[in-house]
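# Working through the structure, step by step
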Amino acid sequence: MAERYSSFTPGGTGWLLQRVTAVFLILALAFHFFLLHFINHAADVTFGGAAARMAEWGYYATMILFLVAATFHGVNGVYNALINQGLDGQLKTAVKWGLAVAGLLLIVQGVRVANALAGGVP
Amino acid sequence: MSGTPRYDRGAIEDFGRWREFSAGMWAWIFHKFTGWVLIGYLFTHIAVLSTALAGPATFTGTIQGLESQAVVRVLEVGLLAVAVFHILNGIRLLLVDLGLGLEHQDRAFYASLVLTGLIAVASVPVFVEGAF
């Protein structure tokens, strides 16, 4: 039997969350592309149209969840890719916290954008 | 990883060995590459959308200014291809995690590539409409 090789701790929270967010992102990313490229064309996007979508509570909540899931999945993916490349020791700790801060800032900024479009939390 | 001895699997990170790579190793590399592109794009995307904080005119002007450039439309097709491959190969990885289809994982990778190509090509007319 082949030895197990992964940067994830077997059965760890990071491993599980990476997969749970993956399942959600498959649906959310496909929806996002369909809505903003096929139903509405990206070239026709205006502040008014985006604001009308974001003012819908369900759309707003989906987009915030999309933002949080994508940020976690992406930042955690980068962290694990770097561990694959041999990241270790103090640098690993520094990178972990650097990525965590970058991810949090991205989420904060994304929520600010959503609120600016929706004119506050719908 | 402390206390766990690393075994020598032959570094996949040694890209000089690319001629020896099997389908699964290419899938691993493509998934990493598309993942890096997508997280890079996510930060860029939020940065562009942040123009909403400067007001409706700035937001609409920025989006429509970008979309009026043919190069942006072409890059969007590339982004779609990257996202579709990451999604399809991600489904392949989830199935493997569930113990499904491990013996067909190489064919699943080829299917992901072919489907990505078909979807990207089929989407070109929608993405470039009015840009050239």
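About the thresholds
Residue positions are given per chain, counted from 1 along the sequence in the order it is written. Labels follow written order: the first chain is A, the first ligand is 1, and so on. Thresholds applied to this predicted model are a pLDDT of at least 70 for local features of residues and 80 or more for the giving and counting of side-chain atom pairs; totals over whole chains, interfaces and linings are not thresholded and use all residues. As a rule here, side-chain values come from all non-hydrogen atoms in the structure, and water together with hydrogens is ignored. The secondary structure listing takes helices from DSSP runs of H or I that are at least 4 residues long and strands from runs of E that are at least 2 residues long, numbered from the N terminus. Any residue under 20% of the maximum accessible area for its type is buried, any over 50% is exposed, and the rest in between are partly exposed; the area is computed with a 1.4 Å probe on protein chains only. Accessible surface area values rest on a Shrake-Rupley calculation with a 1.4 Å probe, where residue burial reflects the displayed protein chains alone. The predictor attaches a confidence to each residue, called pLDDT, with possible values from 0 through 100. Between two residues, a contact is recorded if the distance between any of their heavy atoms is within 4.5 Å. Buried area, as used here, totals the accessible surface that two parts lose on assembly, with accessibility defined by a 1.4 Å probe and the loss added over both. Under this definition, polar contacts are N or O atom pairs within 3.5 Å; protein pairs additionally need one hydrogen-donor-capable and one acceptor-capable atom, and for neighbouring residues in sequence, both atoms have to be side-chain atoms. Three classes are used, and their members are as follows: Ala, Val, Leu, Ile, Met, Phe, Trp, Tyr, Cys and Pro are nonpolar, Asp, Glu, Lys and Arg are charged, and the others, Gly among them, are polar. We call a set of buried Ala, Val, Leu, Ile, Met, Phe, Trp, Tyr and Cys residues a nonpolar core when their side-chain atoms join them within 4.5 Å. To estimate the expected span of a helix, count its residues, drop one, and scale the result by 1.5 Å. Angles run from 0 to 180 degrees between N-to-C directions of axes, and those axes are lines fitted to C-alpha atoms, restricted for helices to the stretch in contact. The sense of a crossing depends on the near helix, which, turned anticlockwise from the far helix by less than a right angle, makes the crossing left-handed and, turned clockwise, makes it right-handed.

It is worth spelling out the overall build of chain B at this point. Counting its secondary structure elements, chain B contains 4 helices and 0 strands. Reading chain B from its N end, one meets helices and strands in the order α-α-α-α. Residues classed as buried in chain B amount to 36% of the 132 residues present. In the structure as shown, chain B presents an accessible area of about 7600 Å², 70% of it carried by carbon and sulfur atoms.

Once that is clear, we can look at the confidence of the model for chain A. Per-residue confidence for chain A gives a mean pLDDT of 91; residues scoring 70 or more make up 91%. Ranking the helices and strands of chain A by mean pLDDT puts helix α4 (residues 89-118) of chain A first, with 97, and helix α1 (residues 13-39) of chain A last, with 94.

This part takes up the confidence of the model for chain B. Do not read the fine detail of predicted coordinates wherever pLDDT is low. Scored by pLDDT, chain B comes out at a mean of 89, with 89% of its residues at no less than 70. Across the assembled chains, the prediction reports ipTM 0.90 with pTM 0.88.

A few words now on the interface of chain B and chain A. Counting residues at the interface gives 37 residues for chain B and 42 residues for chain A. Together chain B and chain A conceal approximately 3400 Å² of surface at their shared face, both sides included; 73% is due to carbon and sulfur atoms. For the pair chain B and chain A, the interface holds 5 residue pairs in polar contact (both at pLDDT 80 or more). Of all the elements in the fold, those that place two or more residues in the side of chain B that touches chain A are α1 (23-49), α2 (56-67), α3 (70-97) and α4 (105-128) of chain B. The leading source of residues in the side of chain B that touches chain A is α3 of chain B, at 10 residues. For the side of chain B that touches chain A, the class distribution of residues is 22 nonpolar, 7 polar and 8 charged.

Ranked by size, the top nonpolar core spans 49 residues in total, and within it F33, M54 and L117 of chain A together with F59 of chain B carry the most contacts. Among the elements of the structure, α1, α2 (47-54), α3 (57-84) and α4 of chain A together with α1, α2 and α3 of chain B are those that each provide at least two residues to this core. Ignoring sequence-local partners within four residues, the contact set of L117 of chain A consists of F47, A50, A51 and M54 of chain A together with A52 and F59 of chain B.

The next point concerns α1 of chain B. Since the α-helix packs 3.6 residues into each turn, any two residues three or four apart lie on the same face. With 27 residues, α1 of chain B should cover 39 Å at 1.5 Å per step; its first-to-last C-alpha distance of 38 Å lies within 8% of that length. Three or more residues of α1 of chain B are buried, namely A23, M25, A27, I29, H31, T34, L38, I39, L42, I46 and L49 of chain B. Looking at the buried residues of α1 of chain B, the elements they touch are α3 and α4 of chain A together with α2, α3 and α4 of chain B.

Next up on the list: the packing of α1 of chain A against α3 of chain B. At a minimum axis separation of 10 Å, α1 of chain A and α3 of chain B run at an interaxial angle of 145°. As for how α1 of chain A packs across α3 of chain B, the hand of that crossing is left-handed. Each of W15, R19, A22, V23, I26, L29, A30, F33 and H37 of chain A in α1 of chain A lies in contact with α3 of chain B, whose residues at this interface are E76, L79, L80, A83, I87, I91, L94 and D97 of chain B.

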